[in-house]
Amino acid sequence: MTDKYKRVRKAVLPVAGLGTRFLPATKAIPKEMLTVVDKPLIQYAVEECVASGIEHIIFVTGRHKSAIEDHFDFAPELEDFLTQRGKPDLAKLVHGIGSGVQFSSTRQSEALGLGHAVLCAAELVGDEPFAVLLGDVIMESTVPATRELVDIYEATGSGVIHVERVPRERVHLYGIVDAKPEENSKWSENVLRVRNLLEKPSAEKAPSNLGVTGRYVLPPEIFGYLAKTKPGTGGEIQLTDGLCRLAEDNNLLACIYEGKVHDAGDKQGFLQATVNFGLKDPKLGPEFRAYLRGLKL
């Protein structure tokens, strides 16, 4: 990092959605608190933040979402109970959930889109660059996904998003970028300069097959763009519209993600993520693998 660009210290995690794709499970439980093996979805994102050097996480919450804040709060009574019952390892595990990072939260009073959710965090973020992580997307790689984006931002000063190659028949489910290779990039062909973004285009109109994954590092100027963005379909303010303004200013990069993306935002993706992480669990994996092999599929 050079002195020219501010360090990325904060991350915004929008968690105000109603989770309707998981009903009835999410009638009283936040979608982000559904567990993949033994950790809530949102914990994977928080752990990625900590591993990426983020110091301050801002939850943009809604009604009936207090379980998320409670999960990352300290629970001395539970820790004492576990210690007294001879389970110090579990007590240490519980204590570590909220360690190493500061938490704040703000409310999104209405479900007015991802762009609006990010805008709700403007006062807490202030005049700083910040990361945005979608809590129902788990990114799996050697280098934490957000860390990779932070490194690119701190070297270039440009907003940067992760994209992945998606099958042409699925581009209508993603925000798709129109991008060109970035000149003189030390990240070689993996970093592109974004010219435009299209939200869920048809395969015929898609400029590429590079879909936005749910990880962003953005300059504070994005708040001004979002504040001026008019609501679109469904009365929502889309983050894509703000990203398009950054692209118009030649201030947005896309990094092709080389790790595994688990989109656990619907039932099929959630089941696949659970199986994937279940197989990789050192304690559960061997027996779970044997069970799956014994199924008559």
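Keep in mind that what you see is a predicted model, and the values were worked out from it rather than measured.

Visitor: Hey, could you go over the layout of surface pockets for me, with residue numbers and the actual values?
Guide: Taken as a whole, the second largest pocket spans an internal volume of roughly 360 Å³. Together, 20 residues line the second largest pocket, and A16, G17, L18, R63 and H64 are the ones closest to its centre. Of the residues that constitute the lining of the second largest pocket, the class distribution is 7 nonpolar, 7 polar and 6 charged.

Visitor: A description of the packing of aromatic side chains should follow, citing residues and the corresponding values.
Guide: Across all of its chains, the model carries 7 aromatic pairs by this definition. Ring geometry for F59 and F103: centres 5.6 Å apart, planes at 10 degrees, overall stacked. With a gap of 44 residues between them, F59 in strand 4 (residues 56-61) and F103 in strand 5 (residues 102-107) connect regions that are remote in the sequence. Assessed through its relative accessible area of 24%, F103 is described here as partly exposed. Taken together, the ring pairs connect F59, F72 and F103 into an aromatic cluster. Directly above the ring of Y44 sits K39, whose terminal nitrogen or CZ lies 4.5 Å from the centroid.

Visitor: Lay out the pattern of salt bridges with the relevant residues and their values.
Guide: In total, this model carries 14 salt bridges according to the counting rule given. Between K280 and E140 there is a salt bridge, with the nearest N and O atoms lying 2.3 Å from each other. Placement of the pair is K280 in helix 10 (residues 267-280) and E140 in strand 7 (residues 137-140), with a sequence separation of 140 residues. In this structure, R245 and E248 form a salt bridge, with 3.7 Å as the shortest nitrogen-oxygen distance. Here R245 and its partner E248 are both found in helix 9 (residues 239-248), 3 residues apart, which amounts to about one turn of the helix. Its relative accessible area of 32% is what places R245 among the partly exposed residues.

Rules used throughout
Residues numbered from 1 in each chain as written. Predicted model: local features only at pLDDT ≥ 70, side-chain atom pairs only at ≥ 80, totals over all residues. Heavy atoms only, no water. 1 Å grid on protein atoms, 1.4 Å probe; cavity = no way out; pocket = protein on both sides within 12 Å on 5 of 7 lines; lining within 4 Å. Points joined across faces, edges and corners; volume = space filled by probe spheres on them. Nonpolar A, V, L, I, M, F, W, Y, C, P; charged D, E, K, R; others polar. Phe/Tyr/Trp six-rings, centres within 6.5 Å; stacked < 30°, edge-to-face > 60°. Helix = DSSP H or I, 4+ residues; strand = E, 2+ residues; numbered from the N terminus. Buried < 20%, exposed > 50% of the residue type's maximum accessible area, 1.4 Å probe, protein only. Lys NZ or Arg CZ within 6 Å of the ring centre and 35° of its normal. Salt bridge = Lys/Arg side-chain N within 4 Å of Asp/Glu carboxyl O.

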